[in-house]
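Report on the structure
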Amino acid sequence: VGVHQPPAGRPIRVAVQVKRLTAAVKRGTIDELLGVLHRDRFGLGLVVTTSTFTRQALEVAIDQPLELIDGEELVRRLERFQVLLKPGPHGELRLA
């Protein structure tokens, strides 16, 4: 849970779900987060994964207050913000 403060306007409550998976994130995960967004009145939801999203997960997110970030996009963003990572002892990524 976080708060995003746009340059102009009111703060937006953000729900974040992070998935460290080798398989693609399925639609059920997206459906669950959408339920939380509506029930708890979040303005935006983020799903971040080290893998990918199924076609069904991507489709259900269209026109929803969601941002889906797959593993490749995560790496691009980390590079853009110059976050340095190194592999951990179990194959995980750690801050360098």
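Described below are features of the structure shown in this document. Just so you know, these numbers come straight off a predicted model, no measurement behind them.

Bringing the pairing of strand β3 (residues 44-49) into the picture now. Among the six residues that make up β3, five are buried, leaving the element largely enclosed by the rest of the structure. Note: strand β2 (residues 12-19) against β3, six bridges, orientation parallel. When the sheet's bridge partners are listed, Ala-15 is paired in β3 with Gly-45. As paired elements, β3 and strand β4 (residues 66-69) share four bridges and run parallel to each other. Pairing of Leu-46 across the sheet is with Glu-67, part of β4.

By the element assignment, Lys-26 lies in the loop between β2 and α1 (27-40). C-alpha of Lys-26 to C-alpha of Arg-76: the two residues are 50 residues apart in sequence and 22 Å apart in space.

Calculation notes
Residues numbered from 1 in each chain as written. Predicted model: local features only at pLDDT ≥ 70, side-chain atom pairs only at ≥ 80, totals over all residues. Heavy atoms only, no water. Buried < 20%, exposed > 50% of the residue type's maximum accessible area, 1.4 Å probe, protein only. Helix = DSSP H or I, 4+ residues; strand = E, 2+ residues; numbered from the N terminus. Pairing = 2+ DSSP bridges.

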